Amino acid sequence: IDITQQNLRDKLTEHQVVIDYVIYRKGDFKSHLYAEEQLIALVLSPTGGVSLVKLGALKPVAELIQIIKNDKESNTLDKAQQQKLFQTRQALHQKLWQPLEKLIQGKSRVYVIPAGILGCLSFKDLQESYGQLIGGEINIFQLDSIYDIL
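Draft legend 1. Quick peek at the overall build of the chain. Helix and strand counts for the chain stand at four helices and seven strands. C-alpha atoms of the chain, sized along the principal axes, occupy 50 × 45 × 25 Å. Put simply, the chain has 150 residues, and 37% of those count as buried. Contacts spanning at least 24 positions in sequence make up 62% of the contacts within the chain whose residues lie at least 6 apart.

Written out as structure tokens, the structure is:
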């Protein structure tokens, strides 16, 4: 199946949006020198086309996700660990979701396509600064690929 922007937009209603997270790094193929991995989000809405949002370096995001992964492996969390988990989810919200809020405003259904280590994260569990989970106000569906929409 060929995928075009129009194919995807035709599948979305006005209340839906797709966020495709992409990991990349700039490199010089002659010298084999590569920059630090970066993270961007491609946001597709049925009427607005595709917006590219630079989210910065991947490493700090990966470190935060690793904290969550480690806590999931623990059977019980004490109060300090619970507070750290809360702060970690808030930090991930600020890095991964907050920069996109204007683009997803008014949408009730968001399709998220995570890349790399982001696949270990439940976007529904990201917490805003006042503690509300974003999955409580928006239906979030994590997909493996853009083909899942077609």
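Alright, that's what it looks like, and here's the rest.
Draft legend 2. The arrangement of the side chain of His93 in detail. Relative to the elements of secondary structure, His93 occurs in helix 3 (residues 79-97). Look at His93 and you get buried, because its relative accessible area is 4%. Residues contacting His93, with those up to four places away along its chain left out, are Gln98, Pro99, Glu101, Leu126, Gln127, Glu128 and Ile134.

Draft legend 3. How the structure looks around empty space enclosed by the protein. The full count for this structure, using the stated rule, is one cavity of 30 Å³ or more. Approximately 40 Å³ is the volume attributed to the largest cavity. In this structure, the largest cavity is lined by Ile68, Lys72, Arg89, Leu121, Ser122 and Asp125. Tallied by class, the residues present in the lining of the largest cavity amount to two nonpolar, one polar and three charged.

Draft legend 4. Region of the structure containing the sheet that holds strand 5 (residues 49-57). Strand order in the open sheet formed by five strands is 5-4-1-6-7, and the pairing between neighbours is mixed. Only two strands of the sheet have a single neighbouring strand rather than two, namely strand 5 and strand 7 (139-142). Taken over all neighbouring pairs, the strand axes of this sheet differ in orientation by 20° on average, direction set aside. Relative to strand 4 (residues 38-45), strand 1 (residues 16-24) runs antiparallel, the two being bridged by seven bridges. The partner of Tyr24 across the bridge, within strand 4, is Gln38. Along the sheet, helix 3 makes contact with strand 1, strand 4, strand 5, strand 6 (109-113) and strand 7, crossing strand 1 at roughly 95°.

Draft legend 5. Broad picture of the pattern of salt bridges. Evaluation of the coordinates by the stated rule reveals one salt bridge. Across the pair Arg25 and Glu37 runs a salt bridge, and its minimum N-O distance is 3.5 Å. Residue Arg25 is located in the loop between strand 1 and strand 2 (27-28), and its partner Glu37 is located in the loop between strand 3 (33-34) and strand 4; the two are separated by 12 residues in the primary sequence.

Draft legend 6. How the structure looks around the environment of His32. Here His32 is to be found in the loop between strand 2 and strand 3. What makes His32 exposed here is its relative accessible area of 56%. C-alpha separation for the pair His32 and Thr76, spaced 44 residues apart in sequence, amounts to 45 Å.

Thresholds, definitions, all that
- Residues numbered from 1 in each chain as written.
- Predicted model: local features only at pLDDT ≥ 70, side-chain atom pairs only at ≥ 80, totals over all residues.
- Heavy atoms only, no water.
- Helix = DSSP H or I, 4+ residues; strand = E, 2+ residues; numbered from the N terminus.
- Buried < 20%, exposed > 50% of the residue type's maximum accessible area, 1.4 Å probe, protein only.
- Contact = heavy atoms within 4.5 Å.
- 1 Å grid on protein atoms, 1.4 Å probe; cavity = no way out; pocket = protein on both sides within 12 Å on 5 of 7 lines; lining within 4 Å.
- Points joined across faces, edges and corners; volume = space filled by probe spheres on them.
- Nonpolar A, V, L, I, M, F, W, Y, C, P; charged D, E, K, R; others polar.
- Pairing = 2+ DSSP bridges.
- Axes fitted to C-alpha atoms, helices over the stretch in contact; angles between N-to-C directions.
- Salt bridge = Lys/Arg side-chain N within 4 Å of Asp/Glu carboxyl O.

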